[in-house]
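# Close look at the chain arrangement
Residues per chain are reported as follows:
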Amino acid sequence: MGVNSNRVEHVACLETTVTISSAEVGVMPPPMQIHKVCLPPKLTTLQKLKHRLIEIFFPDDPLYRCKNQTWFMKLIICLQFFFPIFQWGSEYNVTLLKSDVIAGLTIASLAIPQGISYAKLANLPPIVGLYSSFVPPLIYSILGSSRHLAVGPVSIASLVMGSMLSEAVSPTEDQILYLRLAFTATFFAGLFQASLGLLRLGFIIDFLSKATLVGFMAGAAVIVSLQQLKGLLGIVHFTSKMQIIPVVSSVISTKDEWSWQTIVMGFGFLFFLLTARHISNRNPKLFWVSAAAPLTSVILSTLIVFLLKSKVHGIPIIGHLPKGLNPPSLNMLYLSGPHLAVAIKTGIVTGILSLTEGIAVGRTFAALKNYQVDGNKEMMAIGVMNIAGTCSSCYVTTGSFSRSAVSYNAGAQTAVSNIVMASAVLVTLLFLMPLFYYTPNVILAAIIITAVIGLIDYQAALKLWKVDKLDFMACFCSFVGVLFISVPLGLAIAVAVSVFKILLHVTRPNTLILGNIRGTQIYQNLNRYREASRIPSFLILAVESPIYFANSTYLQERILRWVREEEEWVKENNGSALKCVILDMTAVTAIDTSGIDTVCEIKKMLEKRSLKLVLANPVGSVTEKLDQSEITESFGPHGIYLSVGEAVAHISSLWRAQP
């Protein structure tokens, strides 16, 4: 085969007979054999499209268990896939039931007061929070793939819904319209979530990076906590705005409305709740302390107000809550009118946030128990339960971190814990609602503050600053945007910063100059490894990204700058004249037509300077496109190599063989 054996071949690739000794190169250990650069197997356009679509939408091969099965087994496997309850239900036993009952009752003790509190946070009637803790958990237990996810209302989604809808409709002046918009937003949130799962488009929510969520949740937690000063201080006339400056101004300007009875009770129970939370955080075995604290606070505060009702008149109470099951609400959907756009926008934003939180929480606890949570199944489960909730007077629900942590620590084994929790809520709805009549609003404010304080993760923010300044910038922008502008705009700013970061990496990829670690065939960054050294007459560059239209111009300019700087270095150090530029394409995972044109242009510009351009280790798809564009012919038999080491060895031997 001779020295031409490194050309791009369509046939099977075997080792060549070209051998370069170490004496010829000076840096390569013997023996050095030059290999062919092969094209990937030929596929039709339809086969390529099919393969690409499978990789995009079905990377996990969800129906692999159906292979080589009878039609009946395929039916069973499909049922188990779409309804996970059929998968673990066949192995369910009394031991698992005992654990799930204990966990479910423990979650219910937290879910009932939180449900009432979060509904108030969303400016909805408190009973809607309990409705939302009954139907959605039942739906999720059938469709969900997480064993520990405890479903119900959550603070972030409640806050966003309350703030976005309040800008369009007053929850006090037009309660019916506001309630209709809340149900409609929930419907669109569920529809959006289920569509993402059905179409397997879950990668869309990845634009909400962890850095973005850390800042967003911290900012939201601060805003929520300040908003609860209305309840803690007993203020009657309070701003409906969700920015920090109007909220603080409203607190200061309404000093005359502060009620000392409310303040004493509110801060007393807030201290009790925070202490219980601290005890559970210090000792996870005492998880039940923080789990039982909210319900205990509700019971004690209700008793205090009931016993002192004749003496204490300055503490607002919840009042009458209707008994009975969730009333149907499908007829309340707002599907036409001037506020429909607001409902759709609110639904999509709350849908994305609740989806992100629910999947993240589910995966967190699945990792602790060494099982997998299917993201697309979770999207469908959360979406369907929100659509079902729309028909039964529920608003947006998802997996709550606080309740899921309680579920995990209480020993939950399956989604039956959600069924037990829903059963406890059902009993409450049917028989116990009159007991909440004297529950003070201040205790709900204390419960909300205790819950959202845990969303301020300053350690994560410090880690972002230490590891990645751009991630910290996204976090900071999200935090400041939520505090000073608005909740949805703060989130939009953070997403924009994250997208800018992606564009920055795409349009300004990293390029490196490589050197050889003596005595090996390893080539590494000269600036990173002191033992790496330049190869005389060679400039070895590495590109660490695909070459697209978005970065092709930049890469051309940067590579030519590397060449200029290398020539200057050679002159300053009296080195060997530069003859060859090797482009290591190991990390170039893809290339488009603009990228191919750029490679051609660089080659022509280097040839005008009497320099040779060589490509090393292009991946299969890149090699195929280069071959289809006929650029490989212009590189000739000594222009594309399997590795940098082989390129250096072979080209050096050719130079030595010349007169």
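This one's a predicted model, so the numbers in the text were calculated from it and none came from an experiment.

To continue, consider the overall build of the protein. Within the protein, the regular secondary structure consists of 27 helices and 13 strands. For the protein, the C-alpha atoms occupy an extent of roughly 110 × 65 × 55 Å along the three principal directions. In the protein, which comprises 659 residues, the proportion classed as buried is 51%. Taken as a whole, the protein presents about 31,300 Å² of accessible surface, with 63% of it coming from carbon and sulfur. Of the side chains in the protein, 50 bear a positive and 38 a negative charge, and the two mean positions are spaced by 8 Å.

The subject of this paragraph is helix H3 (residues 71-82). If you check H3, its first and last C-alpha atoms are 16 Å apart, about what 12 residues at 1.5 Å a residue would give, namely 16 Å. Within the span of H3, buried status applies to Ile77, Gln80 and Phe81. Burial along H3 is one-sided: seen end-on, the buried residues are contained in an arc of 100 degrees. On its buried face, H3 is in contact with helix H4 (85-89) and helix H16 (375-390).

Here we come to the UniProt feature "domain: STAS" (unreviewed entry) in the protein. Under the local residue numbering, the UniProt record ascribes the feature "domain: STAS" (unreviewed entry) to residues 528-651. Secondary structure across residues 528-651 divides into 48% helix and 16% strand, with the first and last C-alpha atoms of the span separated by 26 Å.

Here the focus is the pairing of strand E12 (residues 612-616). With four of five residues buried, E12 is to be regarded as a mostly interior element. Direction of pairing for strand E11 (residues 580-584) relative to E12: parallel, over a ladder of five bridges. Across the sheet, Ile582 pairs through a bridge with Val614, a residue of E12. Following the backbone out of E11, through helix H24 (residues 593-608) and into the adjacent parallel E12, one traces a crossover that is right-handed.

Okay, a nonpolar patch on the surface next. A cluster of nonpolar side chains, Trp71, Phe72, Met73, Leu75, Leu79, Phe82, Phe83, Phe86 and Ile142, forms an exposed patch at the surface whose accessible area comes to about 910 Å². Among the elements that make up the nonpolar patch, the one with the highest residue count is H3 (six residues). Position of Met73 among the secondary structure elements: in helix H3. In this structure Met73 comes out as partly exposed when scored by relative accessible area, which is 34%.

Tracing the backbone shows Lys501 in helix H22 (residues 487-507). Separated by 28 residues in sequence, Lys501 and Met473 place their C-alpha atoms 9.9 Å apart.

Turning our eyes to something else, we now look at the nonpolar core. Counting residues in hydrophobic clusters, the biggest one holds 91 residues, and the most contacted among them are Leu124, Phe216 and Leu353. Beyond its immediate chain neighbours, meaning those up to four positions away, Leu353 contacts Ile156, Val160, Leu208, Leu213, Phe216 and Leu491.

Attention now goes to the pairing of E11. For E11, a buried count of five out of five residues is recorded, marking the element as mostly surrounded by other parts of the structure. Residues of E11 alternate between two faces, with Cys580, Ile582 and Asp584 on one and Val581 and Leu583 on the opposite face, all of them buried. Taking the sense of rotation as the criterion, the β-α-β connection linking strand E10 (residues 538-543), helix H23 (residues 552-573) and E11 turns out right-handed.

Moving on, we come to the pattern of salt bridges. In total, this model carries six salt bridges according to the counting rule given. When the shortest N-O distance is used, the salt bridge between Arg534 and Glu566 registers 3.2 Å. Residue Arg534 is found in the loop between strand E9 (532-533) and E10, and its partner Glu566 is found in helix H23; the two are separated by 32 residues along the sequence. Assessed through its relative accessible area of 31%, Arg534 is described here as partly exposed. A residue is classified by how much of its surface remains accessible, and Glu566, at 5% relative accessible area, is buried. Its salt-bridge partner being Arg561, residue Glu565 comes within 2.9 Å of it at the nearest N-O pair. Here Glu565 pairs with Arg561, and both are found in helix H23, just four residues apart, close to one helical turn. The partly exposed category is assigned to Arg561, whose relative accessible area is 38%. Here the residues in one salt-bridge network are Asp468, Asp471 and Lys501, joined through shared partners.

Within the element layout of this structure, Thr184 appears in helix H9 (residues 175-198). Among the residues examined, Thr184 registers a relative accessible area of 0% and is labelled buried. Non-local contacts of Thr184, meaning those with residues more than four positions away in its chain, are made with Met332, Leu333, Tyr334, Leu335, Leu340 and Ala343.

Scanning all chains against the criterion turns up 12 aromatic pairs. Taking 5.4 Å as the distance between ring centres and 40 degrees as the angle between the ring planes, the aromatic pair formed by Phe365 and Tyr408 counts as tilted. Here Tyr408 lies in helix H17 (residues 401-409) and Phe365 lies in helix H15 (residues 340-368), a separation of 43 residues in the sequence. Residue classification places Tyr408 among the partly exposed residues on the basis of a relative accessible area of 23%. Connected via pairs of aromatic rings, a cluster forms that spans Phe306, Tyr437 and Tyr438.

Turning to the confidence of the model for the protein, a few remarks are in order. Looking at the protein, pLDDT values average 85 and 94% of them are 70 or higher. This stretch, residues 1-7, has a pLDDT under 50; its non-local contacts, to residues over four places away or in other chains, come to 28 contacts. In the predicted structure, residues 10-29 sits below a pLDDT of 50 and forms 58 contacts with residues beyond four places in sequence or in another chain.

Our focus in this paragraph is the packing of helix H13 (residues 260-282) against helix H19 (residues 441-453). Direction vectors running N to C along H13 and H19 enclose 35 degrees, while the axes themselves pass 9 Å from each other. Here H13 runs over H19; the crossing is right-handed. Across the interface between the two elements, Thr262, Met265, Gly266, Phe269, Leu270, Leu273, Leu274 and Arg277 from H13 touch Val442, Ile443, Ala446, Ile447, Ile449, Thr450 and Ile453 from H19. Here the residues of the contact of H13 with H19 sort into 11 nonpolar, three polar and one charged.

Rules behind the numbers
- Residues numbered from 1 in each chain as written.
- Predicted model: local features only at pLDDT ≥ 70, side-chain atom pairs only at ≥ 80, totals over all residues.
- Heavy atoms only, no water.
- Helix = DSSP H or I, 4+ residues; strand = E, 2+ residues; numbered from the N terminus.
- Buried < 20%, exposed > 50% of the residue type's maximum accessible area, 1.4 Å probe, protein only.
- Areas by Shrake-Rupley, 256 points an atom, 1.4 Å probe, with all protein chains shown as cover.
- Lys, Arg positive; Asp, Glu negative; His and termini not counted.
- Charge placed at Lys NZ, Arg CZ, Asp CG, Glu CD.
- Expected span 1.5 Å × (residues − 1).
- Arc of directions from axis to C-beta.
- Contact = heavy atoms within 4.5 Å.
- UniProt positions renumbered as here; feature names shortened; annotations may be inferred.
- Pairing = 2+ DSSP bridges.
- Right-handed = clockwise from strand over helix to strand, strands pointing away.
- Patch = residues over 30% accessible without salt bridge, like charges linked within 9 Å, V, L, I, M, F, W, Y side chains within 5 Å.
- Salt bridge = Lys/Arg side-chain N within 4 Å of Asp/Glu carboxyl O.
- Core = buried A, V, L, I, M, F, W, Y, C linked by side-chain atoms within 4.5 Å.
- Phe/Tyr/Trp six-rings, centres within 6.5 Å; stacked < 30°, edge-to-face > 60°.
- pLDDT = per-residue confidence, 0-100.
- Axes fitted to C-alpha atoms, helices over the stretch in contact; angles between N-to-C directions.
- Left-handed = near helix turned anticlockwise from the far one by under 90°.
- Nonpolar A, V, L, I, M, F, W, Y, C, P; charged D, E, K, R; others polar.

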